[in-house]
Amino acid sequence: MATHQSYLSDGTTLRSWLMTLDHKRIAILYMVSLTFFFFVGGAAAVLFRLELITPQGDLVSSDTYNRLFSIHGIIMVWFFLIPAVPNVLGNFLVPLMIGARDLAFPRLNLASWYLFMAGGLFTLYVVIAGGVDTGWTFYTPYSSTYANSHVILAATGVFITGFSSILTGLNFIVTIHTMRCPGLKWFRLPLFIWSMYSTSLIMVLATPILAVTLALVAVERLLGVGIFDPGIGGDPLLFQHLFWFYSHPAVYIMILPGMGVISEIIPCFSRKPIFGYEFIAMASLAIAILGFLVWGHHMFVSGQSLYAGLFFSLLSMLVAVPSAVKVFNWTATLYKGSISLTTPMLYALGFIGLFTMGGLTGICLATLAFDVHVHDTYFIIAHFHYIMVGGMVMAYLGGMHFWWPKITGRMYSEWLGRINALIVFAGFNMTFFPQFILGYLGNPRRYHTYPGEFQVFHIMSTLGASILGIGYLLPLFYLLWSLKYGKRACDNPWDATGLEWATTSPPPAHNFRETPVIREPAYQYETPHSDSKNKPNPKTRLT
Amino acid sequence: MNRTSSIVAMQFDDSEQQHSAALLGMWIFLATEVLFFGGLFVAYTVYRYEYSDAFAEGSEHLAIWSGAVMTGLLLMGSLLIALSENVFERDHMHRVFWNLISTAVLGILFLSFEFYEYHDLIKHQLFPGAAFHWPEKQSTPLSGRSVEIYFVLFFCMTGLHALHMIIGISLVSGLAFYLRYSKNPRRLKNPLTVIGLYWHFVDIIWIFLFPLFYLI
Ligand code: HEM
Ligand SMILES: [Cu+2]
């Protein structure tokens, strides 16, 4: 141990971090910056949740309120959720899991972090300069004819960050195609890799559409011409089509990576091979492909034809099939497993429940008649927060706890970790469950005042949000604390089978002392009923 | 360290792996580009359908002969790049250099024609925005606004294409000089293939733009 150099001790100057080409260090750069953005976005949420305690607008004006939820959405979507698992955990794990020394294009990888930061600086400038009030969707005419805030700057920030995600996706696809170690056939890959691969496809194919769309909005505003403005010849629906053609696939960028994390955690803490490996792998691809065909479900009431609506309704329900396949497979993996309720496992179990809620309400929304009733109400907010926060943020936290020993070489306090997972789960449900009811009863989203009879639900929601806030702050402290005072982690603290556990914790700069060779499928966990003497050991997968 | 290993980057096992990674990377990048232009092509389709008369009217103001010459220039450039890969294999580095330089020159000529076209349109107040002026004719009930959309799309799409051309020209000429002064030009095989692909792609985009804007 003593003689071995980990990637963390390989240079300690600021320069050695900012100019690093090591995928593991770039992952850490992302981790730090994303955490920062997460709390900026969270601060906006604190403010508008406070405003919503009372039915009148007493804390902020309606204009400020618009700016708060817009910046919240923009930061959380593009500066936290989309990059969270791919750029932090993916960057760290993709080469490790496939037995490679780095990603295919390390310079591009670093460049994509700089692009991300450049986009982030624009966005932070927007926050300081007074905000943007279009909502995260930049809908025209809010963003064109009636824009009175920093739309172009905010759009530029998102535009630049988009390229960062394109480059990351490109890097992952090439790496997974060309750099798997000997014996690592496609169907021996960890499911996390499959989900990264599918996510990358979406990043590469959907994000450019967002980029042109935002560029067109900028052109419209700079030249004063009518691309999307019907008053001067434009077509406002075109904006929505283009935006959702990107953004619906993008919502899958915000869940597929989380599914990958869960597929790693569940078999490890059930001590069983994952159930239906091929089905989960193919479901990821199916989601990525079908996700491109359903954008119209955001436009049921925007004036698209009824037939288009029917078609999109049907296709949207189809997307739920591969998602459900995954849920059933995870549950089947749990069945008769020897389950240990560690911190990552608690998050994973929470994910399964909350994601299912989000997915099922998605199917409700895909039903035309029901959607007409709840469109643009709190029901929508609850639907996507169940998936994006209940699902993805839980998965991110679960993954962070799962791989923290590998990333840092330290153990956190398991006891605090478990309590925190419960806090997050409770706080989350208390925040967002009432919003289903609010939406169903007809409370529209995006207003800072509301009829008095809704107050009790809003108070519950704000209370829940405070609990959730604690649940997000606490890990910040105990994880940082563990860096100095945590127990040293051994190479494989969870007895997991992935290749990343076969190297040291933290790994050396080039990941493996010698190139691994794979001889068997992933997830070869022994069930306790079978020969229990044999502890799973990732090294048995190697020669 | 032997010579072969020094041209392979640390993360790759051998130069073959590196080559396939570079190639795949470029193809994926081009897929991104297709989608990037794709958004604009969708916008074109929508407005062409809505304002087909205005589009026909607007295209009257472009010089078809110049567009045709430009197409020819690009196609020649592509041919030269394709040939240069061939001579590269046979180690005629000198000819590779001149092929690349000629390609870049053809590209610059292309841009000159294009900018002349822009200049002409701006002079006739056909650049969209405040200065746009469309004489409303009694005979055709066209609104100037719809013709303006044609020109918005024209400038956006050809402008974006021109931006790609500028990048392409810099890459091609940069590669040419790099190759000329490199001690070991054979290691530039990957850049040559990859930049070649990029150039062909930019060409193909123009092959679509030309009929869509000039020939309607
Ligand atoms: C299981 C399949 C899913 C179906 C059938 C579905 C269906 C829908 C529908 C029909 C809407 C539009 C409702 C309206 O505006 O009236 C919607 C909104 C939304 N969904 Fe889903 N959804 C699914 C999964 C997801 C996932 C996985 C995510 C994110 C990770 C997500 C995120 C969103 C977001 C962000 C919105 C609202 C966008 C906005 O207007 O601001 N959905 N969903
Ligand atoms: Cu959607």
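Residues numbered from 1 in each chain as written. Chains lettered and ligands numbered in written order. Predicted model: local features only at pLDDT ≥ 70, side-chain atom pairs only at ≥ 80, totals over all residues. Heavy atoms only, no water.

Some words on the coordination of the iron atom of ligand 1
Among all protein atoms, only His-383 of chain A (NE2) binds the iron atom of ligand 1, sitting 2.2 Å from it. Of note, His-383 of chain A is situated in helix H13 (residues 378-408). (Donors = N, O, S within 2.8 Å, 3.2 Å for Na, K, Ca; no water. Helix = DSSP H or I, 4+ residues; strand = E, 2+ residues; numbered from the N terminus.)

So, the packing of aromatic side chains
Residues and elements named next belong to chain A. Overall, the coordinates contain 70 aromatic pairs over all chains when judged by the stated rule. Note on Phe-269 and Trp-494: the rings are 5.4 Å apart at their centroids and 75 degrees apart in plane angle, and the pair reads as edge-to-face. Here Phe-269 is found in helix H8 (residues 256-270), whereas its partner Trp-494 is found in the segment after helix H15 (455-485), with 225 residues between them in sequence. Looking at Phe-269, the relative accessible area reads 4%, which means it is buried. (Phe/Tyr/Trp six-rings, centres within 6.5 Å; stacked < 30°, edge-to-face > 60°. Buried < 20%, exposed > 50% of the residue type's maximum accessible area, 1.4 Å probe, protein only.)

Overview of the site of ligand 1
All names here are of chain A. Near ligand 1, the surroundings consist of 21 residues, among which Val-251, Asp-371, His-375, His-383 and Arg-445 are the closest. Here an oxygen atom of ligand 1 sits 2.5 Å away from a polar atom, N or O, in the side chain of Asp-371. Residue His-383 places a side-chain N or O atom 2.9 Å away from a nitrogen atom belonging to ligand 1. Looking at the shell around ligand 1, the elements that each hand over two or more residues are helix H7 (236-253), helix H11 (343-366) and H13. Of the residues contributing to the shell around ligand 1, the split by class is twelve nonpolar, seven polar and two charged. (Near = heavy atom within 4 Å. Polar contact = N/O pair within 3.5 Å; in protein donor to acceptor, adjacent residues only side chain to side chain. Nonpolar A, V, L, I, M, F, W, Y, C, P; charged D, E, K, R; others polar.)

Considering a nonpolar patch on the surface
All names here are of chain A. Residues Val-46, Leu-47, Leu-50 and Leu-59 make up a contiguous nonpolar surface patch of roughly 350 Å² in combined accessible area. Looking at the element boundaries, Leu-47 is found in helix H2 (residues 23-51). The class of Leu-47 is partly exposed, set by a relative accessible area of 38%. (Patch = residues over 30% accessible without salt bridge, like charges linked within 9 Å, V, L, I, M, F, W, Y side chains within 5 Å. Areas by Shrake-Rupley, 256 points an atom, 1.4 Å probe, with all protein chains shown as cover. Salt bridge = Lys/Arg side-chain N within 4 Å of Asp/Glu carboxyl O.)

Quick word on the nonpolar core
Core analysis: the largest hydrophobic core is formed by 251 residues, its most contacted members being Trp-78, Leu-89 and Phe-138 of chain A together with Phe-213 of chain B. The biggest single contributor to this core is helix H3 (residues 62-97) of chain A, with 22 residues. Leaving out residues up to four positions away in the same chain, Phe-138 of chain A has contacts with Ile-74, Trp-78, Ser-143, Val-151, Ala-154, Ala-155, Val-158, Leu-214 and Phe-239 of chain A. (Core = buried A, V, L, I, M, F, W, Y, C linked by side-chain atoms within 4.5 Å. Contact = heavy atoms within 4.5 Å.)

Description of the interface of chain A and chain B
If you look at the interface, chain A gives 36 residues, while chain B gives 33 residues. Buried area between chain A and chain B, summed over both chains or domains, comes out near 2,800 Å², and the portion from carbon and sulfur atoms is 74%. Between Arg-101 of chain A and Asp-13 of chain B there is a salt bridge, with its nearest N and O atoms 2.9 Å apart. Our count for the chain A to chain B interface comes out at nine residue pairs in polar contact (both at pLDDT 80 or more). Mapped onto the side of chain A that touches chain B, the elements with two or more residues apiece are helix H5 (151-178), helix H6 (191-223) and H7 of chain A. In terms of residues, the side of chain A that touches chain B owes the most to one element, H6 of chain A, which gives nine residues. Residues that form the side of chain A that touches chain B fall into these classes: 26 nonpolar, seven polar and three charged. (Buried area = accessible area lost by both parts, 1.4 Å probe.)

Thoughts on the coordination of the copper ion (ligand 2)
A metal bound by six donors in octahedral fashion has ideal angles of 90 or 180 degrees, whereas one bound by four tetrahedral donors has an ideal angle of 109.5 degrees. All names here are of chain A. For the copper ion (ligand 2), the full set of protein donor atoms is His-248 (ND1), His-297 (NE2) and His-298 (NE2), and the range of their distances to it is 1.8 to 2.0 Å. Read in sequence order, the donor residues for the copper ion (ligand 2) give the motif H-x48-H-H. In this structure, the copper ion (ligand 2) lies 4.4 Å away from the iron atom of ligand 1. One end of the pair, His-248, is in helix H7; the other, His-298, is in the loop between helix H9 (277-290) and helix H10 (306-334), and 50 residues separate them in sequence.

A closer look at the state of the cysteines
Residues and elements named next belong to chain A. For the coordinates displayed, the defined rule picks out zero disulfides over all chains. Its sulfur unpaired, Cys-181 is 20 Å from the next cysteine sulfur, which belongs to Cys-268. For Cys-181, a relative accessible area of 4% corresponds to the buried category. Left unpaired, Cys-490 is separated from the closest cysteine sulfur, that of Cys-268, by 12 Å. A residue is classified by how much of its surface remains accessible, and Cys-490, at 46% relative accessible area, is partly exposed. (Disulfide = S-S within 2.5 Å.)

Observations regarding the confidence of the model for chain B
Residue and element names in this part refer to chain B. Averaged over all residues, the pLDDT of chain B equals 90, while 94% of them reach at least 70. Looking at the elements of chain B, mean pLDDT is at its lowest for helix H1 (residues 3-6), recorded as 44, and at its highest for helix H7 (residues 189-214), recorded as 96. Note on residues 1-5: pLDDT under 50 across the span, and one contact to partners over four residues away in sequence or across chains. Reported confidences for the modelled complex are a pTM of 0.93 and an ipTM of 0.91. (pLDDT = per-residue confidence, 0-100.)

Considerations on the pattern of salt bridges
Residue and element names in this part refer to chain B. This structure, assessed with the given rule, holds nine salt bridges over all chains. Of the charged contacts, one joins Lys-189 and Glu-89 as a salt bridge, the two residues approaching to 3.3 Å between their closest N and O atoms. Of the two residues, Lys-189 sits in helix H7 while Glu-89 sits in helix H4 (residues 64-89), which places them 100 residues apart along the sequence. We note a salt bridge from Arg-145 to Glu-148, for which the minimum N-O separation is 2.8 Å. With Arg-145 and Glu-148 both in helix H6 (residues 144-181), this residue pair falls three residues apart, about one helical turn. By relative accessible area, which is 35% here, Arg-145 ends up partly exposed. For Glu-148, a relative accessible area of 4% puts it in the buried group.

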